[in-house]
Amino acid sequence: MSTMNSKASSGGEEASAMRTETLGESRYSGEVKRGQAILVAYLIATLELTFLFMQMGVMPYLAKSLGLDSVGFGYLQTTFGVLQLVGGPIFGRFADQFGTRAALILSCASGSAFFLLMSISTSIPLLFLSRLPAVFMHGLPGAQKVITDMTAPSQRADALGKLGLCFGIGIIIGSALGGVLSTKFGIFVPTYVGLVGNLINTMIAMVWIPLQAKPKSDHHDMENSTSQSGSVFSIREILRLMKFPGVMEIFIVKVLAGLPIGFFLVMFSIISMDFFGLEAVESGYLMSYFGVLQMVIQGLVVGKLTNHCTERTLLRLSVFVFAGVGLGMALMRTVWHYCIVAVPLTFAFSTLGTITDSILTKAVPSSDTGTMLGICASVQPLTRTVGPTIGGVLYKHFGVSSFGYLQLIVNIGLFIYLLKSKIPLSEMKNQ
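Quantities reported herein were computed from a predicted structural model and do not represent experimental measurements. Every chain is numbered independently, its residues counted from 1 as its sequence is written. Only residues with pLDDT of at least 70 get local features here, since the model is predicted, and only at 80 or more are side-chain atom pairs given and counted; chain-wide, interface and lining totals rely on the full set of residues. The side-chain figures draw on all heavy atoms in the structure; neither hydrogens nor water molecules are used.

Student: Just checking my understanding: could you explain the overall build of the protein for this structure?
Tutor: When helices and strands are tallied, the protein shows 19 helices and 0 strands. Summary of the burial criterion: residues with accessible area below 20% of their type's maximum are buried, those above 50% are exposed, and those between are partly exposed, where the area comes from a 1.4 Å probe applied to protein chains only. Put simply, the protein has 431 residues, and 49% of those count as buried. Pairs at least 24 apart in sequence give 85% of the contacts found in the protein among residues at least 6 apart. Exposure was quantified through the Shrake-Rupley algorithm and a 1.4 Å probe, taking into account, for residues, occlusion by the shown protein chains and nothing else. With an accessible surface of roughly 20100 Å², the protein has 69% of that area assigned to carbon and sulfur atoms. Secondary structure elements are defined from DSSP: runs of H or I of at least 4 residues count as helices, runs of E of at least 2 residues count as strands, and each element is numbered from the N terminus. By definition in these notes, contact holds between two residues if any of their heavy atoms fall within 4.5 Å.

Structure (structure tokens):
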């Protein structure tokens with residue numbers, strides 16, 4: 001009898017050990033798959049940004065060859081900005097309702113349509129029509145959505161920060177590739193490359209991005225979720241996210257802190273010629289310099305800081321550095337001064353963007369992170385939309401220094417606000 005009990009006990013231990021081993025293997029397999037999905041998201045973002053910057057370098061010449069003047073080109077850029085502004089939150093809602101893979105496929109397919117229409121743009125109306133697919137071209141927010149779904153809250157800021165490497169690579173390779181292809185093979189060749197590249201990106205998203213990236217939401221998340229209620233185009237459901245604790249305050253800081261610098265960057269093509277006296281080639285070198293800074297700072301520095309500092313501290317630091325950047329811009333006189341100012345400028349931009357995205361995705365239910373990322377992605381198109389008008393007035397009537405002084409004043413005000421306010425932030429410490 002005791003022998004039988006001993007055998008039963010031994011069998012139970014063996015079964016328990018096998019279950020533990022199977023669970024361990026399953027967990028390891030899940031971690032490997034999550035790691036692969038995140039790497040694929042980085043790849044998709046890098047390729048899409050490369051093609052986007054490639055067409056940005058070619059677009060002025062294509063527009064000019066079709067007879068579009070500077071005013072018309074401004075309208076073309078504004079159209080692109082408005083479409084991206086409107087499409088960001090809608091794309092986020094689509095990702096929440098239909099999944100990240102479907103959203104990335106939509107983004108890549110829209111990119112294919114964008115370059116296809118651009119490649120057959122033999123008239124100004126067709127060129128404007130080619131901007132239309134931009135409403136759903138949101139590869140970077142799509143990649144952010146994958147990372148948000150696949151990482152723990154304590155790892156999120158570091159993982160999001162590494163997208164800066166993708167951005168920097170996109171600037172450097174895209175700008176150079178667009179110039180080389182258009183010069184050696186013709187102005188439409190970059191559009192053909194962009195079309196083929198986005199089709200490849202679509203296939204990558206279909207094969208390598210998992211159908212269900214997001215873990216199951218808990219009961220509390222489902223109670224507060226907006227993603228499953230209302231249509232993809234519901235403005236009311238999108239704005240409802242702003243009512244969660246701390247969301248409106250952090251979003252306002254995100255928009256205002258970099259807005260004056262955003263106006264400056266929108267006008268930079270004109271400022272680089274008139275104020276700094278740069279030629280087109282020298283402007284290209286400067287863009288490459290910014291790309292390298294973006295890669296190093298956001299890809300390496302910000303990630304390290306998120307492991308040692310709280311998000312509240314980094315938020316205050318980025319705003320404080322932005323104020324210092326404003327002072328530096330107000331006093332700069334040469335392009336070399338600007339190259340020095342660009343270091344803290346890139347740091348502040350990278351830190352603010354990464355930390356606010358991380359905070360805001362933690363402040364809403366996990367089922368609504370796509371919508372929140374879409375709202376965050378609309379900040380840059382907003383700047384591109386209103387920037388040419390406001391930036392033009394500032395530059396014409398008050399000069400380059402006005403951007404710096406405005407940046408200084410706005411961020412001193414925000415820094416004081418952040419010191420005195422008690423904004424509720426979840427998952428503040430990255431352990």
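Student: Got a minute to help me understand the pattern of salt bridges in this structure?
Tutor: Should their charged atoms come close, side chains of opposite charge can pair. Counted as salt bridges are all cases of a side-chain nitrogen of Lys or Arg within 4 Å of a carboxyl oxygen of Asp or Glu. All chains considered together, the criterion is met by 5 salt bridges. One salt bridge in this structure joins Lys162 and Asp158, with 2.9 Å as the shortest N-O distance. By relative accessible area, which is 31% here, Lys162 ends up partly exposed. Residues joined by salt bridges that share partners form a network here, namely Asp96, Lys145 and Asp149.

Student: Sorry, what's going on with the packing of aromatic side chains here?
Tutor: For any pair of aromatic rings, geometry is given as the distance between the ring centres together with the angle between the planes. Stacked, tilted and edge-to-face are the three classes assigned to paired rings of Phe, Tyr and Trp, where Trp is represented by its six-membered ring and a pair needs centres within 6.5 Å; plane angles under 30 degrees give stacked, over 60 edge-to-face, the rest tilted. Within the structure shown, the criterion is met by 16 aromatic pairs. One aromatic cluster is present, formed by Phe264, Phe268, Phe275, Phe276, Tyr289, Phe290, Tyr338 and Phe403 through successive ring pairs.

Student: Honestly, the confidence of the model for the protein in this entry has me stumped. Any pointers?
Tutor: Do not read the fine detail of predicted coordinates wherever pLDDT is low. Looking at the protein as a whole, its pLDDT mean stands at 83, while 86% of the residues score no less than 70. Every residue is assigned a pLDDT by the predictor, reflecting its confidence on a scale from 0 to 100. No element of the protein has a lower mean pLDDT than helix α9 (residues 219-224), which averages 48, and none a higher one than helix α3 (residues 100-119), which averages 95. Across residues 216-222 the pLDDT falls below 50, and counting only partners more than four positions away or on other chains, this stretch makes 6 contacts in the model.

Student: For this particular structure, what's the right way to read the side chain of Ser107?
Tutor: In this fold, Ser107 is placed in helix α3. The exposure class assigned to Ser107 is buried, which follows from its relative accessible area of 0%. Within the local environment of Ser107, its side chain forms a polar contact with the backbone nitrogen of Gly139, the two atoms lying 3.1 Å apart. Aside from chain neighbours lying at most four places away, what touches Ser107 is Glu48, Phe91, Phe136, Met137, His138 and Gly139. Two N or O atoms count as a polar contact when they lie within 3.5 Å, although within protein this holds only if one can serve as hydrogen donor and the other as acceptor, and sequence-adjacent residues are included solely when both atoms are side-chain atoms.

Student: What is the right way to look at the packing of α3 against helix α5 (residues 139-150) in this model?
Tutor: Two quantities define a packed helix pair, namely the angle between the helix axes and the distance between the axes. Axis lines are fitted to C-alpha atoms, over the contacting stretch for helices. Their N-to-C directions set the angle, which ranges from 0 to 180 degrees. At their nearest, the axes of α3 and α5 sit 9 Å apart, and the two run at 165 degrees to each other. Judged by the inter-axis angle, α3 sits roughly antiparallel to α5. Where α3 crosses over α5, the handedness of that crossing is left-handed. Residues Thr100, Leu104 and Ser107 of α3 touch α5, and the partners they reach there are Gly139, Gly142, Ala143, Lys145, Val146 and Asp149. As a working rule, the residues Ala, Val, Leu, Ile, Met, Phe, Trp, Tyr, Cys and Pro are called nonpolar, Asp, Glu, Lys and Arg charged, and the rest polar, with Gly in that last group. Each residue belonging to the contact of α3 with α5 can be placed in one class, and the counts come to 3 nonpolar, 4 polar and 2 charged. Should an angle lie under 35 degrees it is considered roughly parallel, over 145 roughly antiparallel, and from 65 to 115 roughly perpendicular; all remaining angles are considered oblique. By the definition used in this description, the sense in which the near helix is turned from the far one sets the handedness, with an anticlockwise turn below a right angle giving left-handed and a clockwise turn giving right-handed.

Student: What is the right way to look at helix α17 (residues 369-377) in this model?
Tutor: Along an α-helix, a turn takes 3.6 residues, which lines up residues three or four apart on a common side. The buried count for α17 comes to 8 of 9 residues, which makes it a mostly enclosed element. Of all the positions in α17, only Thr369, Gly370, Thr371, Met372, Leu373, Gly374, Ile375 and Cys376 are classed as buried. In this structure, the buried residues of α17 make contact with α2 (70-98), α5, α10 (235-240), α11 (247-257), α16 (335-363) and α18 (379-398).

Student: Looking at this structure, I do not really get the environment of Val302. What am I missing?
Tutor: Looking at where Val302 falls in the secondary structure, it is placed in helix α14 (residues 280-306). Between the C-alpha atoms of Val302 and Lys162, which are 140 residues apart in sequence, the distance is 8.4 Å. Here Val302 is in contact with Ile297, Ser350, Thr351 and Thr354, once residues within four sequence places are set aside.

Student: How do you make sense of a nonpolar patch on the surface when you look at a structure like this?
Tutor: A cluster of nonpolar side chains, contributed by Met203, Met206, Val207 and Trp208, occupies part of the molecular surface with about 450 Å² of accessible area. On the secondary structure map, Val207 appears in helix α8 (residues 189-208). Like-charged residues are merged into a patch within 9 Å and nonpolar side chains (Val, Leu, Ile, Met, Phe, Trp, Tyr) within 5 Å, provided each residue has over 30% relative accessible area and no salt bridge.

Student: Honestly, α11 in this entry has me stumped. Any pointers?
Tutor: For α11, the set of buried residues is Val247, Ile250, Phe251, Val253, Lys254, Val255 and Ala257. Structurally, α11 contributes buried residues whose contacts are with α12 (259-266), α15 (311-331), α16, α17, α18 and α19 (401-420).

Student: Explain the environment of Gly74 here, please?
Tutor: Summarising the element assignment, Gly74 is placed in helix α2. Note on Gly74: relative accessible area 28%, which makes it partly exposed. When the C-alpha atoms of Gly74 and Thr385 are compared, they prove to be 9.7 Å apart, with 311 residues separating the residues in sequence.

Student: Help me out: how do you make sense of the nonpolar core in this one?
Tutor: In globular proteins that are soluble, nonpolar side chains generally tend to be buried together. Counting 57 residues, the largest nonpolar core has Phe264, Tyr338, Met372 and Phe403 as its most contacted members. No other element matches the 12 residues that α16 contributes to this core. Residues in contact with Phe403, not counting those within four places in the same chain, are Pro260, Phe263, Phe264, Met267, Ile271, Met329, Gly391, Leu394 and Tyr395. With 23 residues, the next largest nonpolar core counts Val146, Ile147, Leu160 and Ile209 among its residues. Nonpolar core, defined: a set of buried Ala, Val, Leu, Ile, Met, Phe, Trp, Tyr and Cys residues in which side-chain atoms within 4.5 Å join the residues together.

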